[in-house]
Amino acid sequence: MMFPQSRHSASSQQLKFTTSDSCDRIKDEFQFLQAQYHSLKLECDKLASEKSEMQRHYIMAEIVKRLNGICAQVLPYLSQEHQQQVLGAIERAKQVTPPEMNSIIRQLQAHQLSQLQGLALPMTPMPLGLSQSTLPAVTSSSGLFSLSSILASQAQLAKEEKASREGADSHREEDGDKSD
């Protein structure tokens, strides 16, 4: 009967040995999976960042196309002096590199944030008809954004002046018809 007990004892030692080995293997696999998860998470974060950057570039390209179209439409209505200034600004804008654009955007955001912190009122659009002196000056930090808002304001003012002149002309014609 000694033989079966020693066999049982040997079997239990093998079982303990394999249990210990199994635990070590499971631990190693778990650490491998954790490392793989970490590297995949970093890769996913990198891809998400690249996706955001690609979307940003796409949006910037769309903005550039639209601003270019707006400038092309408004340019003929400007005086010769203003046309030259706008063309010069457009040429300077074409020379801006992506890192410079990012720096300008960060400066603009910081400037807007500092302005918003000082205001208790919500931001509202400027009323039309304000004089040029009340419009913000075009600075390196505001770039094309201020330029486009100034051009849009000038175009709207030009349309309003034209409409008021046409209205005055039609009143003169009506007054002339009444006197006959």
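Given the structure is predicted, the values throughout are model-derived calculations rather than measurements. (Residues numbered from 1 in each chain as written. Predicted model: local features only at pLDDT ≥ 70, side-chain atom pairs only at ≥ 80, totals over all residues. Heavy atoms only, no water.)

Visitor: Help me understand the overall build of the protein chain, please; the structure alone is not making it clear to me.
Guide: Helix and strand counts for the protein chain come out as 4 helices and 0 strands. Reading the protein chain from its N end, one meets helices and strands in the order α-α-α-α. Counting only residues that meet the buried cut, the protein chain has 11% of its 180 residues in that class. In the protein chain, 56% of the contacts between residues at least 6 apart in sequence involve partners at least 24 apart. (Helix = DSSP H or I, 4+ residues; strand = E, 2+ residues; numbered from the N terminus. Buried < 20%, exposed > 50% of the residue type's maximum accessible area, 1.4 Å probe, protein only. Contact = heavy atoms within 4.5 Å.)

Visitor: Help me understand the nonpolar core, please; the structure alone is not making it clear to me.
Guide: Note that soluble globular proteins tend to have their nonpolar side chains buried in a common cluster. Residues Cys-71, Val-74, Leu-75, Leu-78, Val-86 and Ile-90 constitute the largest nonpolar core, which totals 6 residues. Mapped onto this core, the elements with two or more residues apiece are helix H1 (2-74) and helix H2 (80-94). (Core = buried A, V, L, I, M, F, W, Y, C linked by side-chain atoms within 4.5 Å.)

Visitor: Got a minute to help me understand H2 in this structure?
Guide: Helical geometry note: an α-helix holds 3.6 residues per turn, so side chains three or four residues apart project in the same direction. With 15 residues, H2 should reach 21 Å at 1.5 Å per residue; the first-to-last C-alpha distance of 21 Å fits that figure. Looking at H2, one finds that the buried residues are Gln-83, Val-86, Ala-89 and Ile-90. Burial along H2 is one-sided: seen end-on, the buried residues are contained in an arc of 130 degrees. Residues of H2 that are exposed and point more than 90 degrees away from the buried face comprise Gln-80, Glu-81 and Arg-92. (Expected span 1.5 Å × (residues − 1). Arc of directions from axis to C-beta.)

Visitor: Before we go on, may I ask you to explain a nonpolar patch on the surface in this structure?
Guide: A surface patch of nonpolar side chains, about 300 Å² in accessible area, is lined by Tyr-58, Ile-59 and Ile-63. Within the fold, Ile-63 resides in helix H1. (Patch = residues over 30% accessible without salt bridge, like charges linked within 9 Å, V, L, I, M, F, W, Y side chains within 5 Å. Areas by Shrake-Rupley, 256 points an atom, 1.4 Å probe, with all protein chains shown as cover. Salt bridge = Lys/Arg side-chain N within 4 Å of Asp/Glu carboxyl O.)

Visitor: Would you explain the UniProt feature "coiled-coil region" (unreviewed entry) in the protein chain in this entry?
Guide: UniProt tags residues 23-50 as "coiled-coil region" (unreviewed entry). End-to-end, the C-alpha atoms of residues 23-50 are 40 Å apart, and along that stretch the chain is 100% helix and 0% strand. (UniProt positions renumbered as here; feature names shortened; annotations may be inferred.)

Visitor: Would you mind showing me how to read the confidence of the model for the protein chain here?
Guide: Fine structural detail should not be taken from predicted coordinates in areas where pLDDT scores are low. Counting all residues, the mean pLDDT for the protein chain is 74, and 58% of those residues have values of 70 or more. The secondary structure element of the protein chain with the lowest average pLDDT is helix H4 (residues 143-179), at 59, and the one with the highest is H2, at 90. Every residue in residues 129-142 is under pLDDT 50, and counting partners more than four places away or in other chains gives 20 contacts. (pLDDT = per-residue confidence, 0-100.)

Visitor: I'm lost on the environment of Gln-83 in this one. Help?
Guide: Looking at the element boundaries, Gln-83 is found in helix H2. For the pair Gln-83 and Cys-71, spaced 12 residues apart in sequence, the C-alpha separation works out to 9.7 Å. In this structure, Gln-83 is in contact with Leu-75, Pro-76 and Leu-78, ignoring residues within four places of it in sequence. Within the structure, the side chain of Gln-83 is placed 3.0 Å from the backbone oxygen of Leu-78, a separation counted as a polar contact. (Polar contact = N/O pair within 3.5 Å; in protein donor to acceptor, adjacent residues only side chain to side chain.)

Visitor: I would appreciate a short explanation of the environment of Pro-98 in the present structure.
Guide: Looking at the secondary structure, you find Pro-98 in helix H3 (residues 98-118). Relative accessible area serves as the criterion here: at 49%, Pro-98 is assigned to the partly exposed category. Each C-alpha atom, one on Pro-98 and one on His-57, is 9.2 Å from the other, the two residues being 41 residues apart in sequence.

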